[in-house]
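# Coordinates in review
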Amino acid sequence: DYNRSRYSQGAEYAGQALDLAQSMHDRGDEALAANDRAMCELALGLADSAREHMTIAAEGFRETGSLFAVAAAEINLGLLEYQSGRWSDALLHYGIARQRAREIGDGRLEAYSVNDIATVHVALGDCEAAAAFLQEALNGFRATGDKQAAARAMATLGRVKWKTGRAQEAEQLLREALEQ
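What counts as what
- Residues numbered from 1 in each chain as written.
- Predicted model: local features only at pLDDT ≥ 70, side-chain atom pairs only at ≥ 80, totals over all residues.
- Heavy atoms only, no water.
- Helix = DSSP H or I, 4+ residues; strand = E, 2+ residues; numbered from the N terminus.
- Buried < 20%, exposed > 50% of the residue type's maximum accessible area, 1.4 Å probe, protein only.
- Areas by Shrake-Rupley, 256 points an atom, 1.4 Å probe, with all protein chains shown as cover.
- Lys, Arg positive; Asp, Glu negative; His and termini not counted.
- Charge placed at Lys NZ, Arg CZ, Asp CG, Glu CD.
- Salt bridge = Lys/Arg side-chain N within 4 Å of Asp/Glu carboxyl O.
- Contact = heavy atoms within 4.5 Å.
- Expected span 1.5 Å × (residues − 1).

### Re the overall build of the chain
Check the secondary structure of the chain and you find nine helices and zero strands. The secondary structure elements of the chain, listed N-terminal to C-terminal, are α-α-α-α-α-α-α-α-α. Dimensions along the principal axes, computed over C-alpha positions, put the chain at roughly 60 × 40 × 30 Å. Taking all 180 residues of the chain together, 42% fall into the buried category. With an accessible surface of roughly 9,500 Å², the chain has 50% of that area assigned to carbon and sulfur atoms. Here the chain holds 19 positive side-chain charges and 27 negative ones, and the gap between their average locations is 7 Å.

### With respect to the pattern of salt bridges
Here the idea is simple: oppositely charged side chains can pair when their charged atoms come close. Within the structure shown, the criterion is met by 17 salt bridges. In this structure, the salt-bridge partner of Arg 86 is Glu 81, at a minimum N-O distance of 3.1 Å. Given the relative accessible area of 36%, Arg 86 is considered partly exposed. The buried category is assigned to Glu 81, whose relative accessible area is 3%. Residue Asp 146 is joined to Arg 108 by a salt bridge in which the shortest nitrogen-to-oxygen separation is 2.7 Å. Here the residue Asp 146 occupies a position in the loop between helix H7 (127-144) and helix H8 (147-163), and Arg 108 occupies one in helix H6 (residues 107-124), the gap between them amounting to 38 residues. On the accessibility criterion, Arg 108 (42% relative accessible area) is partly exposed. The network of salt bridges with common partners includes Asp 48, Arg 51, Glu 81, Arg 86 and Asp 89.

### Focus on the environment of Phe 61
Mapped onto the secondary structure, Phe 61 falls in helix H3 (residues 47-64). Apart from the residues lying within four places of it in its own chain, the contact partners of Phe 61 are Ala 31, Leu 32, Asn 35, Ser 66, Ala 69, Val 70 and Ala 73.

### Details of the side chain of Glu 81
In this structure, Glu 81 sits in helix H4 (residues 67-83). In this view, Glu 81 contacts Arg 51, Arg 86, Asp 89, Ala 90 and His 93; residues no more than four positions away in its chain are not counted.

### Focus: H8
Between its first and last C-alpha atoms H8 spans 24 Å; for 17 residues at 1.5 Å apiece the expected length is 24 Å, and the two agree. Considered for burial, the residues of H8 that qualify are Ala 149, Ala 150, Ala 151, Ala 153, Met 154, Ala 155, Leu 157, Gly 158, Val 160 and Lys 161. Where H8 is buried, its residues touch H6, H7 and helix H9 (167-179). One or two residues past the end of H8 sits Gly 165, with phi positive at roughly 85°.

### With respect to H3
In this model H3 runs 25 Å from its N-terminal to its C-terminal C-alpha over 18 residues, within 8% of the 26 Å that 1.5 Å per residue would give. Three or more residues of H3 are buried, namely Ala 50, Arg 51, His 53, Met 54, Ile 56, Ala 57, Ala 58, Gly 60 and Phe 61. Looking at the residues trailing H3, positive phi occurs at Gly 65, about 85°.

### Re the side chain of Lys 161
With respect to the helices and strands, the residue Lys 161 is situated in helix H8. Setting aside residues up to four positions removed in sequence, Lys 161 forms contacts with Arg 166, Glu 169, Ala 170 and Leu 173.

In structure tokens, the structure reads:
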């Protein structure tokens, strides 16, 4: 399949860039290449290898002091753990991402991290926690002007409210999401 071939080729190129960066002892480029390789591996379903390369990326970004990149790498690690059904690990990584986003004052990135935390709670069936985190994420998306993310958070919050028997609130949220 075409996309699989492209991701395989991307992983190969990123691996070459990773080898070069490691041979030059360039932690910044190493982190970028490891992140690129991990994202290709994630798309290919290679969870263990993706986890290894995402961890290299997060460590490299930490060493270079790029808190935004650390937060992004932690979100990627959280996604990998979420897709693997490792809920507590996903929550850990999303929590680290949230903390880093808060440290650099990036409200949008923090809202995405909080939204991801909510997604884990939805998967766990913890609708009350999910609703609280989704409301927090929604407030963050609104505050940063991210209408598309706000609409997605509203729709998810509406579905959660529906599951908990709050149909009227759910319908209102879903209408608002459609208007975004």
